[in-house]
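Survey of secondary and tertiary structure
What follows is the residue order along each chain.
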Amino acid sequence: MASPSFKENVPLSPPKKETYKPDLDSQPAAKRRKLGPSGPASSQPTQSSFADVLARLKEDAEETQDAEGGADCWARPALPEIDERRDPIIFQQIDAEDKTEQGDGSALRMFGVTEGGNSVLMHITDFLPYFYIAVPRGFMNTDTTAFRDYLNNLDGDGARGECQFNNLFRDVVDTYESNVPYALRFMIDTKVVGMNWIEVPAGKYKLLKEGKRSHCQIEINVRWDQFISHAPEGNWSKIAPLRILSFDIECAGRKGIFPEANIDPVIQIANMVTRQGESKPFIRNVFTLNTCSHIVGSQVLSFDDEAKMLQAWRDFVNEVDPDVVIGYNISNFDLPYLTERAHALKAKNFALLGRMANVKAVTKDTHFSSKAFGQRDSKETALDGRLQVDILQYMQREHKLRSYTLNSVCAQFLGEQKEDVHHSIITELQNGTPESRRRLAVYCLKDAYLPQRLMDKLMCFINYTEMARVTGVPFNYLLSRGQSIKVLSQLFRKANEDGYLVPTLKGEGSDEQYEGATVIEPRRGYYNVPIATLDFSSLYPSIMMAHNLCYTTLLDKTTIDRLNLVKDVDYIRSPNNDFFVTSGKRKGLLPTILEDLIGARKRAKADLKKETDPFKRAVLDGRQLALKISANSVYGFTGATIGKLPCLAISSSVTAYGRQMIEKTKQEVEAEYCIANGHLHDAEVIYGDTDSVMVKFGPTDLREVMALGSQAADLVTAKFIKPIKLEFEKVYFPYLLINKKRYAGLYWTKPEKYDKMDTKGIETVRRDNCRLVSTVISTCLNKLLIDRDVKGAEEYTKQIISDLLQNKVDMSQLVITKALAKTDYAGKQAHVELAERMKQRDAGSAPALGDRVAYVIIKGVKGAAAYEKSEDPIYALENNMPIDTKYYLENQLSNPLMRIFEPIMGEKASSLLSGDHTRSIQIATPTVGGLMKFAVKTVTCMGCKNAFESNQ
DNA sequence: GGTTTAGCCTAA
DNA sequence: TTAGTTAGGCTAAACC
């Protein structure tokens, strides 16, 4: 593949910001309705009913303890008087959009919130799309006018089409920076990063009053270059008191069928509104269809008409005016369901949920596919000016879990189960009494609160805010786009700063793979002596920095010859035989970016140490995490052949250096620590992967080994170029080395006490086996490595096997989950075949592309394949299908058990799998008690998040 | 019945 | 219009 070459940034034609389109301001201002004191609802037919609701709400709020949550408090703080000539407008921007309305041409707007909690819309004028081309041969400065006229006379938006140039200049013309999203282009040029603070000085903006186009309290016009963008440091690290709405809906479905918006009603919508930085919601309410008994601490708003309820909820959203809308699976279920339902009910103007007046929210289908994240189809319902965080999507991106049901995620991170109302009885409860509907509402309220609690606990918002600030991309990219746009954003910023233009590559991805890291052949076995682990910290970033690897430093042989460059003075040759300019001659962009990231991380960590305020600490911790992830993704970006700027010379040089380094490390350590050099033992590198070596120095004493480890790390570090650093990190003792990428050990960083049990790659950390296997292996490892109780581990294992064969193991322990990763499979597989069968039963609730399919293996005819015996756990329960316990013993437990016991017990290990305990009489039908517990607790529908029916 | 391949998930 | 990398263990199906 041709390596991209950067161009020095010399002014090219057409000049930046040259106007090819009519000026925005010259467009006739659209007629906009003046907003009444209570917002746009004042002219809606639903207003009177909503007023009734408000009145009822006030009464309700007075009754509840939580009087603060009354209707008076829905709206934002009142707007102070603003004097255009005296007052600057200062706000935290949350989104920059390039929405092009009809006839508007290109338009940019930025939404945000002031420190006082007022909402802001800033219309940005006079910033037009542009890109660069290399000056064609013979093209003179005097040709620019004629060239511009030619472009302006092209049909449609020809100025953006590269083909036009190719027609014009015969040769293919390289373009630069022509593939940057418009909003990001603007942010790069104005040094705006995601979620930073903007200051518009007095006199530099025009306050819109009559011509307002949004519901924002402050709406201004500003020229693109007339504001100050504050770097998110010091006082500008703060976060505005953003309003976060967390909501959940309930639908009354028909038995056994997933709810469909054109048939099944929305019966409840629960809402929690929290100010960013506060620990409790200040609004809690639930909109119910039909009456509902009082709920302490929450407002109940009841409606007898579904359309009116939906419209009242829309009015509530507009009144609260949230900056961030969150929930669980809101992107793929709640928001599309609400808009579709409103459409089916002909509930007028329901979709006016965003901040722009008269702009309806529309649901779009999107598809995301990457090797790292897999494929997924999803929906997107943009609410103008409001960020969305679907906590389900966040979880799927940021945490590898066996199951992503709200229930399972809450159990994992909040340590609690959610209040479950059974899927099949929702309709029953709805059709019952005010009391039964109250029960439903309590459940719905809790489901609205849990996403907020998860967000607080995991600090999703703070961490994403810091990620947006560090990488410079808009917040909404973090859930909707891939990893590479973040690197690209940083690269563009640094490139432009240093006077480079980034080429736009013709994106034909190549299938060629390059060689990666070395995995040292393991000396498998059980080690009852301390094993020291030495790691290169941030190996790939440090290689890129040490050797100045970059797009801007890459040389070819011709250039070297032409310029008479001297090896090791002007340039170096990588082990992959690529040439790079030395940093003394020209420092690369990527090394500079990496240094900045690493330096910023050091500062963040130092600040974190000093900081005592828990909120500021959380921000700093989020920042250092974002900086670490960013540094580590630069390498992957250069190797992404189907990306924006692949450069295999860089990525394969990085891995080549890495391979050389790990080999050298092994040799240096073994050469130095040997009997011949006066040591008591010959050290052995027993394993190593990419950036680490595991060393058996020989001594049995932990302290001694730790001393040798840190000494050896320093010895090796000295042999490499800065900032490459080998660190002694920990000792494993004892250490069970099963295979490449598979080991377990007790992890010690200090000689007094081990820190933890560490397991890599084995069943305890894998998600594609059943829980029984991971708990059994985990328990055995604890007994073997911590208690050193081989006998106990054996007995435990035999007992489990006996229980399994007697059907005493709860079915929840036998559920296997696997991702449905593709649309077309070559062969038959258990989870794929089951997903297909489930689709036949009820398409709506069947697993979708990217979902994890949960299944159990049930008894079948003799010799049947596993894919014929896989079954939905709930379906198996309901239909009393017997578990194939033999499968679980032979295909799930057996091999993993042998792999950990054999290195310790030797041949005797096989006795675990035969003997009296395997000859227990089997009970044909499953035990009911434990199974029901399972059904209620862990199996929920991903769409409506309700538990499925048990066999009650 | 042994070997190859597809697919999943993890290590780093 | 969009998508971070390679190495590698392990299971079950497919193949011969």
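The structure displayed is predicted, hence computed values, not measured ones.

The number of helices and strands found in chain A is 26 helices and 33 strands. Looking at chain A as a whole, 54% of its 952 residues qualify as buried. Put simply, 72% of the contacts in chain A that link residues at least 6 apart link residues at least 24 apart. Counting every atom, chain A has about 42100 Å² of accessible surface; 49% of that belongs to carbon and sulfur.

The next thing to look at is the confidence of the model for chain A. The pLDDT averaged across chain A works out to 88; a share of 86% of its residues lies at or above 70. Throughout residues 9-69 the model reports pLDDT below 50, and contacts reaching past four residues in sequence, or to other chains, amount to 100 contacts. Predicted confidence for residues 927-952 stays below pLDDT 50, and this span has 79 contacts to residues more than four positions away or in other chains.

Moving on: the protein's contact with DNA strand C. Neighbouring DNA strand C are 33 residues; G516, I642, K740, K828 and Y887 lie closest to it. Those atoms of DNA strand C that come within 4 Å of the protein belong to sugar or phosphate at a rate of 84%. The contact in question runs from a sugar or linking oxygen of DNA strand C to an N or O atom on the backbone of S369, over 3.3 Å. Contact between DNA strand C and N891: a phosphate oxygen at 3.1 Å from a side-chain N or O atom of the residue. At the level of secondary structure, the elements contributing two or more residues to the surface near DNA strand C comprise β16 (363-370), α23 (866-869) and α25 (885-905). Per-element tally for the surface near DNA strand C: the top contributor is α25, with 4 residues. Looking at the surface near DNA strand C residue by residue, the classes come out as 11 nonpolar, 13 polar and 9 charged.

What follows deals with the environment of K756. Within the fold, K756 resides in strand β30 (residues 756-760). With relative accessibility at 38%, the residue K756 sits in the partly exposed group. In the structure, K756 is positioned 196 residues away from I560 in sequence and 53 Å away in space, judged by C-alpha atoms. Those residues in contact with K756 that sit more than four places away from it in its chain are G745, L746 and Y747.

This part covers the sheet that holds strand β23 (residues 554-555). Here we have 3 strands laid out as an open sheet, ordered β23-β25-β24, and antiparallel in their pairing. With one partner strand each, in any of the chains shown, β23 and β24 (571-573) form the two edges of the open sheet.

The next subject is the sheet that holds strand β32 (residues 852-857). Spatial strand order, β31-β32-β33: 3 strands in an open sheet with antiparallel pairing. Pairing within the sheet leaves two strands with one partner each, and these edge strands are β31 (816-819) and β33 (870-871). Bridge count for β32 against β33 is 2 bridges, and the pairing is antiparallel. By the bridge assignment for β33, I857 is matched with S870. Contacts between helix α22 (residues 830-841) and the sheet are confined to β31, β32 and β33, with β32 contributing the most and set at about 100° to the helix. Strands β31 and β32 of the sheet are contacted by α25, whose axis makes an angle of about 125° with β32.

Between its first and last C-alpha, helix α16 (residues 589-610) extends 32 Å over 22 residues, near the 32 Å set by a 1.5 Å rise per residue. In this structure, the buried side of α16 is in contact with α11 (460-471), α13 (484-497), β19 (500-501), α14 (539-546), α17 (614-638) and α18 (648-672).

Now for the protein's contact with DNA strand B. In the region of DNA strand B, 21 residues are neighbours, and D691, K822, Y825, Q829 and R852 sit closest. Between D691 and DNA strand B, the recorded distance is 2.3 Å, taken from a side-chain N or O atom to a sugar or linking oxygen. Within the side chain of Y743, one N or O atom sits 2.9 Å away from a phosphate oxygen of DNA strand B. Class assignment for the residues of the surface near DNA strand B results in 6 nonpolar, 4 polar and 11 charged.

Cross-referencing UniProt, the feature "domain: DNA-directed DNA polymerase family B exonuclease" (unreviewed entry) maps to residues 173-409 in the present numbering. Between the C-alpha atoms that bound residues 173-409 there is a distance of 52 Å. The span itself is 22% helix and 31% strand.

Let us look at the pattern of salt bridges. This model, assessed by the stated rule, comprises 48 salt bridges. For the salt bridge of E278 with R275, the shortest nitrogen-to-oxygen distance reads 3.1 Å. Classification of E278 as partly exposed rests on a relative accessible area of 36%. When the shortest N-O distance is used, the salt bridge between R355 and D323 registers 2.5 Å.

What counts, and where the lines are drawn
Residues numbered from 1 in each chain as written. Chains lettered and ligands numbered in written order. Predicted model: local features only at pLDDT ≥ 70, side-chain atom pairs only at ≥ 80, totals over all residues. Heavy atoms only, no water. Helix = DSSP H or I, 4+ residues; strand = E, 2+ residues; numbered from the N terminus. Buried < 20%, exposed > 50% of the residue type's maximum accessible area, 1.4 Å probe, protein only. Contact = heavy atoms within 4.5 Å. Areas by Shrake-Rupley, 256 points an atom, 1.4 Å probe, with all protein chains shown as cover. pLDDT = per-residue confidence, 0-100. Near = heavy atom within 4 Å. Polar contact = N/O pair within 3.5 Å; in protein donor to acceptor, adjacent residues only side chain to side chain. Nonpolar A, V, L, I, M, F, W, Y, C, P; charged D, E, K, R; others polar. Pairing = 2+ DSSP bridges. Axes fitted to C-alpha atoms, helices over the stretch in contact; angles between N-to-C directions. Expected span 1.5 Å × (residues − 1). UniProt positions renumbered as here; feature names shortened; annotations may be inferred. Salt bridge = Lys/Arg side-chain N within 4 Å of Asp/Glu carboxyl O.

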